[in-house]
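Residue strings, one per chain:
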Amino acid sequence: MSLLTAYTRTLMTVAVIAITTVFALSDLRIASWEALEAVFAWSETTVFGYIGKTWGAAFAIVEALHLVGLAVLGGAVIIGDGRLLGLWFTDYSCAEIQRGAQRGFFWGLMLLLGTGLFMACGVAMKIYYMPVFWYKMLALGTGILFAYCIRKPLLTTQPDQLNAWTLRLTGTASLMIWFTVAAAGRWIGFSG
Amino acid sequence: MLNELIHQAALWLDNTAASTSMHESFYVYNWVETTHVLTLTLSLGLLLVIDLRMLGLAFTNLPATRLAQRLQTPMFLGFAVMFITGMALFYAIPVRSSQSLWLRIKLLLLLAALINALVFHRHLRNAGPDWNNAVKAPLSLRRGAWMSIGCWVGVVICGRLIAYDWFDCSKNPAPLISAFVGCINGQEQF
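Reading guide: rules and limits
- Residues numbered from 1 in each chain as written.
- Chains lettered and ligands numbered in written order.
- Predicted model: local features only at pLDDT ≥ 70, side-chain atom pairs only at ≥ 80, totals over all residues.
- Heavy atoms only, no water.
- Helix = DSSP H or I, 4+ residues; strand = E, 2+ residues; numbered from the N terminus.
- Buried < 20%, exposed > 50% of the residue type's maximum accessible area, 1.4 Å probe, protein only.
- Contact = heavy atoms within 4.5 Å.
- Areas by Shrake-Rupley, 256 points an atom, 1.4 Å probe, with all protein chains shown as cover.
- Disulfide = S-S within 2.5 Å.
- Buried area = accessible area lost by both parts, 1.4 Å probe.
- Salt bridge = Lys/Arg side-chain N within 4 Å of Asp/Glu carboxyl O.
- Polar contact = N/O pair within 3.5 Å; in protein donor to acceptor, adjacent residues only side chain to side chain.
- Nonpolar A, V, L, I, M, F, W, Y, C, P; charged D, E, K, R; others polar.
- UniProt positions renumbered as here; feature names shortened; annotations may be inferred.
- Phe/Tyr/Trp six-rings, centres within 6.5 Å; stacked < 30°, edge-to-face > 60°.
- Lys NZ or Arg CZ within 6 Å of the ring centre and 35° of its normal.
- Core = buried A, V, L, I, M, F, W, Y, C linked by side-chain atoms within 4.5 Å.
- Axes fitted to C-alpha atoms, helices over the stretch in contact; angles between N-to-C directions.
- Parallel < 35°, antiparallel > 145°, perpendicular 65-115°, else oblique.

(A) View of the overall build of chain B. When you go through chain B residue by residue, the secondary structure sums to 9 helices and 0 strands. Starting at the N terminus and walking to the C terminus, you meet the elements of chain B as α-α-α-α-α-α-α-α-α. In terms of principal-axis extent, the alpha carbons of chain B reach across some 60 × 35 × 25 Å. Relative to its full complement of 190 residues, chain B shows a buried share of 47%. In chain B, of all internal contacts separated by at least 6 residues, the share reaching a separation of at least 24 is 77%. If you sum the accessible surface of chain B, you get close to 10,000 Å²; carbon and sulfur atoms cover 66% of it.

Now the structure itself:
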């Protein structure tokens, strides 16, 4: 029982990976994808879908705000992960840098999700058939889980007791995940 | 006169083999564009962090000038990559880009952002060390931070709008826009 308490996050992470693997390799993935078609078709009929499809200028401005959200989130991630990698602010603890970056990360993410939802409604059926869109969603889900279930708790509890390599690996993993999210998002634009 | 010179220079660039190759290469063009966009996180991302710090909205636990000083090098590195990839994107489609309304507004906003940055740095030097640990920077620096955010959001919006052809010369825009973007009578359409 004490083992379960001590390694709750690790066990939860392993469980999520196991569930995702089973989901990805079974027929459940195709069934879920087919079931989501109706949701995507419906989203094109919503107000967001209507505006996105009718007013190109509105869509373009929301796209630009999506990029601003990416910049805010990216800035917060780069500073936080740069500290984990020991590139800068080494005279401050990882927890202090993490605390400072937290608000920027959260609002950047909110802006990304809000504008992303609007854009998705405008081109819902197009992205539904794009594999790269689903890769991006997978990477985004991984990024959010990693940030809030692994990185943040790791750094806010006892970061000074952590091995330097644990910090470096956490920073590297975080940078790689968010780079994948951003690159996959850009690639959606080239896949139309 | 100036527009004709720009047009001639753009035509010359357009006739170079490398420009055509880059424009026609799916992967090279898209990789350059992706690098241009993703470097936003390094350049604009770090700049916004500095601006938000001045406004008391992020990293209030760190001294403002120290944060600004330490982020300068990676931020300028990001801007350098953006500048190089931006030039490459222009080189790939020189005629249309040189006559883009949005690119011209973007360049004006970049100039405004540059002037604002210079003024901001002067205020930063003159502000003294007393406020450094305060949550918010002095008013002059906060104004500069808002100006910076406004200019850069405008730059990103204009950059995104370059892809749209609403005001291209081939669409015969209104005379005022046509004069501003430098459409040439009888030019070949791009």
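Picking up where we left off.
(B) Representation of the state of the cysteines. Residues and elements named next belong to chain B. Applying the stated rule across the entire model yields 1 disulfide over all chains. Covalent S-S linkage joins C169 and C183, the inter-sulfur distance amounting to 2.0 Å. Taking the sign of the S-S torsion, -95° for the link of C169 and C183, the bridge is left-handed. With C169 in the loop between α8 (139–161) and α9 (175–181) and C183 in the segment after α9, this pair connects stretches of sequence that are 14 residues apart. C158 supplies the cysteine sulfur nearest to C151, a cysteine that is in no disulfide, at a spacing of 11 Å.

(C) Up close: the interface of chain B and chain A. In this complex, chain B contributes 35 residues to the contact, which on the side of chain A involves 34 residues. Carbon and sulfur atoms make up 76% of the surface buried where chain B meets chain A, a total of about 3,000 Å² over both sides. Taken together, chain B and chain A are joined by 4 salt bridges. A salt bridge links E63 of chain A to R160 of chain B; the nearest nitrogen and oxygen atoms lie 3.1 Å apart. Remark: the boundary between chain B and chain A carries 8 residue pairs in polar contact (both at pLDDT 80 or more). Elements with a minimum of two residues in the side of chain B that touches chain A: α3 (26–38), α4 (43–54), α5 (64–92) and α8 of chain B. Per-element tally for the side of chain B that touches chain A: the top contributor is α3 of chain B, with 8 residues. Grouping the amino acids of the side of chain B that touches chain A by side-chain chemistry returns 25 nonpolar, 6 polar and 4 charged.

(D) Focus on the UniProt feature "transmembrane region" (unreviewed entry) in chain B. Residue and element names in this part refer to chain B. When the UniProt feature table is mapped onto this chain numbering, "transmembrane region" (unreviewed entry) sits at residues 37–55, 75–93, 105–124 and 144–163. With 100% helix and 0% strand, residues 105–124 has its two end C-alpha atoms placed 28 Å apart. Summarising residues 144–163: 90% helix, 0% strand, and an end-to-end C-alpha distance of 30 Å.

(E) Quick peek at the packing of aromatic side chains. Using the criterion set out here, one finds 21 aromatic pairs over all chains in the structure. With a centroid separation of 5.7 Å and 65° between ring planes, the pair formed by F105 of chain A and Y148 of chain A is classed as edge-to-face. Within this pair, whereas F105 of chain A is found in helix α6 (residues 94–122), its partner Y148 of chain A is found in helix α8 (residues 131–157), the two being separated by 43 residues in sequence. For Y148 of chain A, a relative accessible area of 29% gives the class partly exposed. When the centroid spacing of 4.8 Å and the interplanar angle of 25° are considered together, the rings of Y164 of chain B and W166 of chain B count as stacked. Sitting over the face of the ring of W165 of chain A, R168 of chain A holds its NZ or CZ atom 4.6 Å from the ring centroid.

(F) Region of interest: the nonpolar core. I79 and F89 of chain A together with M54 and F59 of chain B are the most contacted members of the largest nonpolar core, which totals 71 residues. In terms of residues, this core owes the most to one element, helix α5 (residues 56–84) of chain A, which gives 12 residues. Those residues within four positions of F59 of chain B in sequence are excluded, and the remaining contacts are I79, I97, G100 and A101 of chain A together with V49, R53 and L67 of chain B. F40, I127, M130 and V132 of chain A belong to the second-largest nonpolar core, a separate cluster that totals 9 residues.

(G) Examining the packing of helix α4 (residues 47–54) of chain A against α6 of chain A more closely. Residues and elements named next belong to chain A. It is at 7 Å that the axes of α4 and α6 come closest, and there the two elements cross at 70°. Of the possible angle classes, the one that applies to α4 and α6 is roughly perpendicular. Contacts between α4 and α6 pair F48, G49, I51, G52 and K53 from the former with L117, F118, C121 and G122 from the latter. Residue composition of the contact of α4 with α6, by class: 5 nonpolar, 3 polar and 1 charged.

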